[in-house]
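# Architecture and fold: a report
In case you want the letters, here they are:
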Amino acid sequence: AQTVTQSQPEMSVQEAETVTLSCTYDTSESDYYLFWYKQPPSRQMILVIRQEAYKQQNATENRFSVNFQKAAKSFSLKISDSQLGDAAMYFCAYRTGKSTFGDGTTLTVKP
Amino acid sequence: KAGVTQTPRYLIKTRGQQVTLSCSPISGHRSVSWYQQTPGQGLQFLFEYFSETQRNKGNFPGRFSGRQFSNSRSEMNVSTLELGDSALYLCASSRREDGTDTQYFGPGTRLTVL
């Protein structure tokens, strides 16, 4: 069974600085998709970024980028120029059919 | 384009009752998945429907069931409610059944069992 591990239950970053959230996963599949979702206090799950496993190029979306290391089964999220609105719980997810989620990382942004 | 909608947003039930939650996917999306989110267990997959057929099922007891209608709207039902069923129930929709596209989530239904 696939598992997703987020080893940092909580992270903190100063406004305008950069923070990296870690995610590792375990799978025997070669084709799959990885996602980062953000869940603010409203509880709405919002897509942050998506990475196809067959693509070597790391995905970027404005201030959000990933470091995808397929051999190491690692998928970290980098948030640059952190803003107060980035404060939320961040979930890493692996998908082939159903999605498997990590336990989440709570990100605090300090003004 | 309207997002995924879920009704009701909040529910309070007592043990032994049953409950039905509803999810309307994004227009054009035919796959609907349900997840249970609790502080202790995190996000857990319940089931997935595509074209009115259940495609995948998570490790939940038979008290949890679902269905999908021809317009892709989905309902999930929980019978004989237990205190441990208190959770946020999230619905997600996507276009395809093969798991190659992005799932978009609704705002969730917060179920409290007393």
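Attention here is on the structure that accompanies the text. Quick caveat: nothing in here was measured; it's all calculated off a predicted structure.

### Remarks on the overall build of chain B
Helix and strand counts for chain B stand at zero helices and 11 strands. In sequence order, chain B lays out its α and β elements as β-β-β-β-β-β-β-β-β-β-β. Against the 2.2 N^0.38 benchmark of 13 Å for 114 residues, chain B shows a C-alpha radius of gyration of 13 Å, consistent with a compact globule. In terms of overall dimensions, chain B has C-alpha extents of about 35 × 25 × 25 Å along its principal axes. Within chain B, contacts between residues at least 6 apart in sequence are counted, and of these 55% link residues at least 24 apart. Surface accessibility of chain B: about 5,300 Å² in total, with carbon and sulfur atoms responsible for 46%. In chain B, 13 side chains carry a positive charge and 8 a negative one; their mean positions are 6 Å apart.

### A look at the sheet that holds strand S3 (residues 19–24) of chain B
Residues and elements named next belong to chain B. Taken together, four strands build an open sheet; the order of strands is S1-S3-S8-S7 and the sheet is antiparallel. Whereas interior strands pair on both sides, the edge strands pair on one side only; in this sheet they are strand S1 (5–7) and strand S7 (64–68). Sheet twist, expressed as the mean angle between neighbouring strand axes with direction ignored, is 20 degrees. Two strands pair when backbone bridges link them, and S1 and S3 are joined in this way by three bridges, in the antiparallel orientation. Its bridge partner lying in S3, Thr7 is registered against Ser22.

### Side note on the pairing of strand S4 (residues 31–38) of chain B
Residue and element names in this part refer to chain B. Most of S4 sits out of view: eight of its eight residues are buried. Side chains of S4 alternate between two faces, with Ser31, Ser33, Tyr35 and Gln37 and Val32, Trp34, Gln36 and Thr38 buried alike. Two strands pair when backbone bridges link them, and S4 and strand S5 (residues 42–50) are joined in this way by eight bridges, in the antiparallel orientation. Each bridged residue has a counterpart across the sheet, and for Gln37 the counterpart in S5 is Leu43. Between S4 and S5, which pair antiparallel one after the other, the connecting turn spans three residues. Relative to strand S9 (residues 87–94), S4 is paired through seven bridges, and the arrangement is antiparallel. Looking across to S9, one finds that Trp34 is bridged to Cys91.

Conventions used here
Residues numbered from 1 in each chain as written. Chains lettered and ligands numbered in written order. Predicted model: local features only at pLDDT ≥ 70, side-chain atom pairs only at ≥ 80, totals over all residues. Heavy atoms only, no water. Helix = DSSP H or I, 4+ residues; strand = E, 2+ residues; numbered from the N terminus. Rg over C-alpha atoms; globule rule 2.2 N^0.38 Å. Contact = heavy atoms within 4.5 Å. Areas by Shrake-Rupley, 256 points an atom, 1.4 Å probe, with all protein chains shown as cover. Lys, Arg positive; Asp, Glu negative; His and termini not counted. Charge placed at Lys NZ, Arg CZ, Asp CG, Glu CD. Pairing = 2+ DSSP bridges. Axes fitted to C-alpha atoms, helices over the stretch in contact; angles between N-to-C directions. Buried < 20%, exposed > 50% of the residue type's maximum accessible area, 1.4 Å probe, protein only.

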